[in-house]
Every structure is written in C-alpha cells, then in structure tokens.
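# Fold and geometry: a report
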Amino acid sequence: MASNTRTVSDAAENKLSLGAKWAIAGILAGATLAGLVGAGSSALAVYFARRVITPAARHQDQEVLAVIRGDAGLQVILAATPDTTIDGVFSLFFEGGKGHARIGRIVSYSPAEQTVLREVEEVYSGNIADARRGWWSGATYPDPAAIGLAAEDVEIDVDGGQAPAWLIRANAAAPAPVWAIMVHGRGATRLEGLRAVRTARDLGLDSLLISYRNDGLAPSALDGRYGLGSTEWRDVDAAMEYAIAHGAQEVVLFGWSMGGAISLQTADLSKHRHLIRALVLDAPVINWVNVMAHHAEMNRIPYNVGKYGQLMLGHPLGRRLTGLSAPVDLKAMDWEARAVELRTPTLVIHSVDDDYVPYEPSASLAGKNPDMVTFEPFHGARHTKEWNVDPEKWERLVHSWLQQQLAPRNNPGHVGTPGLSG
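Computed from a predicted model, the values in this text were never measured in an experiment. (Residues numbered from 1 in each chain as written. Predicted model: local features only at pLDDT ≥ 70, side-chain atom pairs only at ≥ 80, totals over all residues. Heavy atoms only, no water.)

## Topic: the sheet that holds strand β14 (residues 373-378)
Here 8 strands make up an open sheet; going across it, the order is β7-β8-β10-β9-β11-β12-β13-β14 and the pairing mixed. Whereas interior strands pair on both sides, the edge strands pair on one side only; in this sheet they are β7 (152-158) and β14. Neighbour-to-neighbour, the strand axes of the sheet open up by a mean angle of 20 degrees, direction not taken into account. Judged from the 7 bridges that link them, β7 and strand β8 (residues 161-168) form a sheet pairing that is antiparallel. (Pairing = 2+ DSSP bridges. Helix = DSSP H or I, 4+ residues; strand = E, 2+ residues; numbered from the N terminus. Axes fitted to C-alpha atoms, helices over the stretch in contact; angles between N-to-C directions.)

Here it is in structure tokens:
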C-alpha cells in the first residue's frame, strides 16, 4: 500500500504546474502565495485544511433553558435551533458528555421567543435539571442494553493496539453467516450504529459495532489526524478479519457520513472485498471535494483559499502544515467520478436538506450507476438523522432492500459478491 501511495503522490506532483509547486513552497516558507492569495488567506487555508482532518472535542453549543415536570413526565425547554425544532427522537448530551438524555416529541414551539418544549423520554446518566448547555445528537441510545439487546464486549486487533467493539448476536446459539459491521461517522462513536441493530437482527445478521482510529475509543493514529477514509478503512478491514475468524462468511457494511466514505474505501481496497454482500450508507461522503467546497462557502472562505486547503491535504509538501503523515488522495475517494467502478450493491439514504454533507453527490452516484446503487431521499432530517425523524420508514426501506440482497443465490455453492474493481 505504501508503494501505491507514493505512486499516486508522485503522479499528482508531476501534474502540478510549476507555479502551484512554488505556491505550496511559499506556504511552507511562510511567504505569500505568489500573489494568488495573501498571507492572511494562506493562514486561513492552513486553518481550513487542518480543521477537516483534526479530531476535536464536541462543543456544547445547545442551550438548555429549563427542565420542568409536566403531566406526562419531564420536559425540557431548549433554545430553538434547526436541529431542536425537528420532530422525532434524539439525544441531548450534557456535563461534557457525562450526562445523556433521550429527547422525544415537540410539545410546543415558540418562534417569537425562539424556544422549543420537548418531552424527556429517559435520562440515562447525569442530572438534566442542572444542565445549562449540551450538544444535540442522533445517536439515541447509550448502549445495546438500552434497546433490550445483550452484547459481548470484544477487542479487534488494529494498528497500534486493540479497538473495542460490541458484538450483538442475532442467535445466541450460533454465529450468523452474514454479519453487519457498523461504521460511525467523523466525531461520532459506535453509539451511532445502535439505530440499525434491530433491523440487522430481524434479518438474521450478527452486528459488530466498531471503533476506529482517532474516535476516542480505538488507538489513535500516529499522526493524530483523520484520513477521511484513506486510513480508517484498515480498521474496518481488521473488523472484517475478526468477523471471518468468528464465523462470518459475508458482511454488510453500514456507514454514516464519513463512515460511508470509509466503507466505500474498504469495499475498494480490502483483500476481503469479495465478501462484502452490500453497503448501506446513511448521508455518506461520496465526494470530499464537494463537501469541502460546501463548507468553505458556508464559512465564507474565498474559493481560492478553499482550493489551496484541498491542495495542502493532497500534496506531500503540505504535510508539515497539516500534520498528516501521508497525503490524502481526495480524487481516489471521489465516488461520484468513480461511479461505474462501484460493483457492490449499495443503498444510499440521504436527506435533501442535509447542510453538512450535501445530498447531490449521493443522488448523482445512483444516477450514474443505477444497476448497483439505490438512492432513497428523506426530507427534513438534516445530517444522519433520517432514522430519528422517521424510524419506521428507515427500517422498512433498509429491511426490504437488504432482504432482496440477502436472498439465496442461483448458485447455492457461491459465497461472496464481486466488490469494487481493483
């Protein structure tokens, strides 16, 4: 793999114009970008690039105004935000993450006062009455027991040590022939996958909810940086090794947000890719360039500055500023451009109002490869909260689609599905 990375990097460097090379060298020397962007803009480009790949603590950006006791139990008054005014079931984490409550339906909403009153369905930890700030999340449950399921705590051998995972059996008597491996998104944890476990179990799949580098549970990468899928896929590959060693004959990868990008890289690069029966991707990153351009625009970062931020991530000369141990090949992770290479049946669920990872590349992927990709749009769910706003629809779609993919093959002796090319 190292030799392949070097080849890609060398090819990318050869394609760069001399001006672009000197521009990057100018950044490293602390100079201006040769008239292309100013000193302040070059610093902004560095900041933008580093933010994309640097794990960060969750910000308690949700204001908790009051907790009251209503006729049906506890209720919470929250500052109205685009997230808290969506009906459904969500989580509120508070006390720096030590506190966790499941928040239910909207009782009332006051646009004039910019407040929303919601039911508190359950407090799993902490004292919500003392909460003043927290963060909103679609990861609704704290552990498998909260959804009434027993789990084994297992350890998966990965680079740098062992990564903890939950193994939830569909049948305690014997391992299932097909396992679901749940791959959470950037800044999230294995809690994210709990929403899909009951659907997988109903289909007879064992579920492995994994951790991976830099997520706070698994060993950190040596450079402490996200690879945006280009490095994390190795930890999913290790999870596949574990599943195969413990009875799995095939796997289905579930991926949320960056977990979708990681799953696609696994299906492209893993030596076990032929054992990946299907992909179920929720609000996946299909095209990182599109996502980065979107975030640059949202944050009013000039176009040229955003482009140079991308250039830093992908070029060896940018490593001293980004902290990456190796460049990130954004082109290799552009599945909108590589759509015809996708040979694994894939279900993509994506809300059309997602303002974090735009849905258009997901729809484009399905349009360019309809034989392999099924696109199911949601509305009003924002980012990775499709299940939260309509769990019945999410579970029905996933169950129906996966049931078709898991149907017995014409050749009963055949095991495995062709993966991505390569």
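Still to come is the rest of the account.
## Notes on helix α7 (residues 288-298)
Spacing of three or four residues puts side chains on the same side of an α-helix, whose turn is 3.6 residues. Restricting attention to buried positions, one finds in α7 the residues W288, V291, M292, H295 and A296. Viewed end-on, α7 has its buried residues packed into an arc of 135 degrees, placing them on one side of the element. The N-cap residue of α7 is N287: its side-chain oxygen and the backbone nitrogen of V289 are 3.0 Å apart. Within two residues after α7, R300 carries a phi angle of roughly 55 degrees, on the positive side. (Buried < 20%, exposed > 50% of the residue type's maximum accessible area, 1.4 Å probe, protein only. Arc of directions from axis to C-beta. Polar contact = N/O pair within 3.5 Å; in protein donor to acceptor, adjacent residues only side chain to side chain.)

## Digging into the packing of α7 against helix α8 (residues 303-314)
Contact pair α7 / α8: the axes reach a minimum separation of 9 Å and the direction vectors enclose 140 degrees. In terms of orientation, α7 lies oblique with respect to α8. Of the two possible hands of crossing, α7 and α8 adopt the one that is right-handed. Taking contact as the criterion, the partners of V289, M292, A293 and A296 in α7 are, on α8, G306, Q310 and L313. Here the residues of the contact of α7 with α8 are counted per class, giving 5 nonpolar, 2 polar and no charged. (Parallel < 35°, antiparallel > 145°, perpendicular 65-115°, else oblique. Left-handed = near helix turned anticlockwise from the far one by under 90°. Contact = heavy atoms within 4.5 Å. Nonpolar A, V, L, I, M, F, W, Y, C, P; charged D, E, K, R; others polar.)

## Points about the nonpolar core
Within the largest apolar cluster, 64 residues are counted, with the highest numbers of intra-cluster contacts made by I156, W179, I181, L208, I210, L228 and W288. A180, V252, F254 and L402 belong to the second largest nonpolar core, which has 35 residues in total. (Core = buried A, V, L, I, M, F, W, Y, C linked by side-chain atoms within 4.5 Å.)

## Considering the confidence of the model for the chain
Taken as a whole, the chain shows an average pLDDT of 89; of its residues, 87% reach a score of 70 or greater. Throughout residues 1-36 the model reports pLDDT below 50, and contacts reaching past four residues in sequence, or to other chains, amount to 37 contacts. Confidence drops under pLDDT 50 across residues 411-422; counting only partners more than four residues distant or on other chains, this segment forms 37 contacts. (pLDDT = per-residue confidence, 0-100.)

## Side note on the sheet that holds strand β6 (residues 133-137)
Taking strand neighbours around the barrel as the criterion, the 6 strands line up as β1-β2-β5-β4-β3-β6 in a closed arrangement whose pairing is antiparallel. Taken pair by pair, the neighbouring strands of this sheet meet at an average axis angle of 45 degrees, ignoring direction. One ladder, built from 8 bridges, connects strand β4 (residues 99-110) with strand β5 (residues 115-125); its direction is antiparallel. Across the sheet, residue S108 finds its bridge partner in β5, namely L117.

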